[in-house]
Amino acid sequence: VPKNGVDSIYFRINRFPSGIGTITPAHTLLYFKMKPGKEVILEGAGNAQDLSHPHPVSEFVLSIDYAAPKGVTYETLGGLAPDFLTVMDFSSAYDYSLRGADPRYPVEYLKLDLNDEEKNALLIEAIHRSDARSYNYVYDLLHYNCTTAVFDLLDDTLDYAAYVKPFSIKVTNAKDPV
């Protein structure tokens, strides 16, 4: 990881329909943009890139997803069952865009207000965590999912000026995916 190479980090929100009334959940992730000349090489990740010839990327994401047993599909309420493992995967922004987003919901980007040291620490911790936790944690719609994993990463890496209560998702705030 190039020292102080991270230009900016965004909390990205991809909303999607749930099929449950007015509840609109979201897939959230971290979007990293590197400074010019400070690109990174993602090895063993991505769908479109030719893995036999890895190439530098300047924009990439850390996405926390679920891995389902063969033949099992994920549904919003199905995320309450302990049938899925958590996958923490880096991919280029281009490769991630190939997944598509629901055109009914604009993708939202919230820029994190971080200094260079915090951005670098967050990227390094994200790399370590993605290696240590992929396939080792059960994905849970309410307790360990894409959003809670990102907030855990932020809370464990950054020092806040004031006490910040740990993030959690409750059924009472189900209409607010973030």
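The structure under discussion appears in the preceding block.
All values derive from a computational prediction rather than experimental measurement.

Peer 1: Describe the nonpolar core, naming the residues involved and giving the relevant values.
Peer 2: Here is a general trend for soluble globular proteins: nonpolar side chains tend to be buried in one another's company. Of all hydrophobic cores here, the largest spans 29 residues; its most connected members are Leu30, Phe32, Phe60, Leu62 and Phe90. For this core, the leading source of residues is helix α3 (residues 146-157), giving five residues. Aside from chain neighbours lying at most four places away, what touches Phe60 is Leu30, Tyr31, Phe32, Met34, Val40, Leu42, Phe90, Ser91, Ser92, Ala93 and Leu123. In this structure, Tyr31, Val61, Ala93 and Tyr96 belong to the second largest nonpolar core, which totals five residues.

Peer 1: Could you give an account of the packing of aromatic side chains, with specific residues and numbers?
Peer 2: Ring pairs (aromatic) are described by centroid distance and by the angle formed between their planes. Taken as a whole and assessed by the stated rule, the structure comprises seven aromatic pairs. Seen in terms of ring centroids, Phe32 and Phe90 are 6.3 Å apart; in terms of plane orientation they differ by 45°. Their pairing is tilted. Of the two residues, Phe32 is situated in strand β2 (residues 26-34) and Phe90 in strand β6 (residues 85-92); the sequence distance between them amounts to 58 residues. According to the relative accessible area criterion, Phe90 is buried, its value standing at 11%. Three or more aromatic residues joined by ring pairs make a cluster, and in this case those are Tyr10, Tyr31 and Tyr109.

Peer 1: Quick rundown of unusual backbone geometry? Include the residues and the values.
Peer 2: Although it is not a glycine, Asn4 adopts a positive phi angle of roughly 55°. Considering the arrangement of structural elements, one finds Asn4 in the segment before β1 (6-15). Residue class for Asn4 comes out partly exposed when judged on its relative accessible area of 30%.

Peer 1: Account for the sheet that holds β1, with residues named and values stated.
Peer 2: If you walk across this open sheet you meet the five strands as β6-β5-β2-β1-β7, and the pairing is antiparallel. Looking at which strands have only one partner, the edges of the open sheet turn out to be β6 and β7 (108-111). Here the average twist between neighbouring strands, direction ignored, is 25°. Judged from the five bridges that link them, β2 and strand β5 (residues 59-67) form a sheet pairing that is antiparallel. Looking across to β5, one finds that Leu30 is bridged to Leu62. Here helix α2 (residues 116-133) sits on the sheet and contacts β1, β2, β5 and β6; the angle it forms with β6, its principal contact strand, is near 130°. With respect to the sheet, α3 is in contact with β1, β2 and β5, its orientation differing from that of β2 by roughly 40°.

Peer 1: Outline the pattern of salt bridges, supporting the account with residue identities and numerical values.
Peer 2: All told, the structure shown has six salt bridges when counted by the stated rule. A salt bridge links Arg15 to Glu108; the shortest N-O distance between them is 2.7 Å. Taken together, the residues Arg15 in strand β1 and Glu108 in strand β7 connect sequence positions 93 residues apart. One salt bridge in this structure joins Glu125 and Arg129, with 3.2 Å as the shortest N-O distance. In this pair, Glu125 and Arg129 are both assigned in helix α2, four residues apart and thus about one turn of the helix distant.

Calculation criteria
- Residues numbered from 1 in each chain as written.
- Predicted model: local features only at pLDDT ≥ 70, side-chain atom pairs only at ≥ 80, totals over all residues.
- Heavy atoms only, no water.
- Core = buried A, V, L, I, M, F, W, Y, C linked by side-chain atoms within 4.5 Å.
- Buried < 20%, exposed > 50% of the residue type's maximum accessible area, 1.4 Å probe, protein only.
- Helix = DSSP H or I, 4+ residues; strand = E, 2+ residues; numbered from the N terminus.
- Contact = heavy atoms within 4.5 Å.
- Phe/Tyr/Trp six-rings, centres within 6.5 Å; stacked < 30°, edge-to-face > 60°.
- Pairing = 2+ DSSP bridges.
- Axes fitted to C-alpha atoms, helices over the stretch in contact; angles between N-to-C directions.
- Salt bridge = Lys/Arg side-chain N within 4 Å of Asp/Glu carboxyl O.

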